[in-house]
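Here are the chains, one letter per residue:
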Amino acid sequence: MRLGLTSILVLSFAIGLPLAQAQYVEIYRLDNLIKELPDSHVLSSLSSELGVPADTLKQEKNDYKITYGELYLAHQFAKATKADVKSMMAVAQAKSWGTTAKDQKIDMDQIKENTRKFEKTLKGTSAKK
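Residues numbered from 1 in each chain as written. Predicted model: local features only at pLDDT ≥ 70, side-chain atom pairs only at ≥ 80, totals over all residues. Heavy atoms only, no water.

Asks: Now, about the overall build of the chain: what can you tell me, with residues and values included?
Replies: Helices and strands together make up the secondary structure of the chain, namely 7 helices and 0 strands. Reading the secondary structure of the chain in the N-to-C direction produces α-α-α-α-α-α-α. In the chain, which comprises 129 residues, the share counted as buried stands at 35%. In the chain, once contacts between residues fewer than 6 apart in sequence are set aside, the share between residues at least 24 apart is 63%. Carbon and sulfur atoms provide 56% of the accessible area of the chain, an area that totals close to 8,200 Å². (Helix = DSSP H or I, 4+ residues; strand = E, 2+ residues; numbered from the N terminus. Buried < 20%, exposed > 50% of the residue type's maximum accessible area, 1.4 Å probe, protein only. Contact = heavy atoms within 4.5 Å. Areas by Shrake-Rupley, 256 points an atom, 1.4 Å probe, with all protein chains shown as cover.)

Next comes the structure, spelled out in structure tokens:
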């Protein structure tokens, strides 16, 4: 059986797309949850989760012009690769989050697990406010 170029591209796209989109799903989920919360609450929660001062996170968000979801992912990627956030942002801005995850061999299952835990934390603390 001979597959044409179009068939191969469609098959590659269908198989590779879920892996390439995983990072964006995590960003989207967090951004949707966070959009209803006050910035002070989000920064405080991120600070506790990531072990980074809220002022630093706020500055990084502004410097890189990214969403809170991207900021969270940048810190998760940096932790996974034992790099600093500045280096991770340089890589991610030169490529894409998907390419960065693939190139750096980042375990997206672990990132998803961490993100779900953080979502539960955000939901729990927002319910108390």
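Asks: I'd love a proper account of the environment of Lys79, names of residues and values included.
Replies: Here Lys79 lies in helix α4 (residues 68-81). Using a relative accessible area of 64% as the deciding quantity, one classes Lys79 as exposed. C-alpha separation for the pair Lys79 and Ile106, spaced 27 residues apart in sequence, amounts to 9.9 Å.

Asks: Can you explain α4? Please cite residues and give values.
Replies: Three- or four-residue spacings in an α-helix give side chains the same orientation, since the helix completes a turn every 3.6 residues. An ideal rise of 1.5 Å per residue puts 20 Å on 14 residues; α4 measures up with 20 Å between its terminal C-alpha atoms. For α4, the buried fraction is high: 11 of the 14 residues fall into the buried class. When α4 is considered as a whole, its buried residues turn out to be Tyr68, Gly69, Glu70, Leu71, Tyr72, Leu73, Ala74, His75, Gln76, Phe77 and Ala78. Two residues or fewer after α4 comes Lys82, characterised by a positive phi angle close to 60°. (Expected span 1.5 Å × (residues − 1).)

Asks: Hey, could you go over the side chain of Gln76 for me, with residue numbers and the actual values?
Replies: Considering the arrangement of structural elements, one finds Gln76 in helix α4. A polar atom in the side chain of Gln76 sits 2.7 Å from the side chain of Asn114. Ignoring any residue separated from it by four or fewer positions in sequence, one finds Gln76 in contact with Leu50, Ile111 and Asn114. (Polar contact = N/O pair within 3.5 Å; in protein donor to acceptor, adjacent residues only side chain to side chain.)

Asks: If you had to explain the pattern of salt bridges to someone new, which residues and values would you point to?
Replies: Following the criterion strictly, the structure yields 5 salt bridges and no others. Its salt-bridge partner being Lys95, residue Asp103 comes within 2.6 Å of it at the nearest N-O pair. Residue Asp103 is classed as partly exposed on the basis of its relative accessible area of 37%. For Lys95, a relative accessible area of 46% puts it in the partly exposed group. With a closest N to O distance of 3.4 Å, Lys117 and Glu113 form a salt bridge. Pair noted here: Lys117 and Glu113 are both in helix α7 (residues 108-128), with a separation of 4 residues, about one helical turn. (Salt bridge = Lys/Arg side-chain N within 4 Å of Asp/Glu carboxyl O.)

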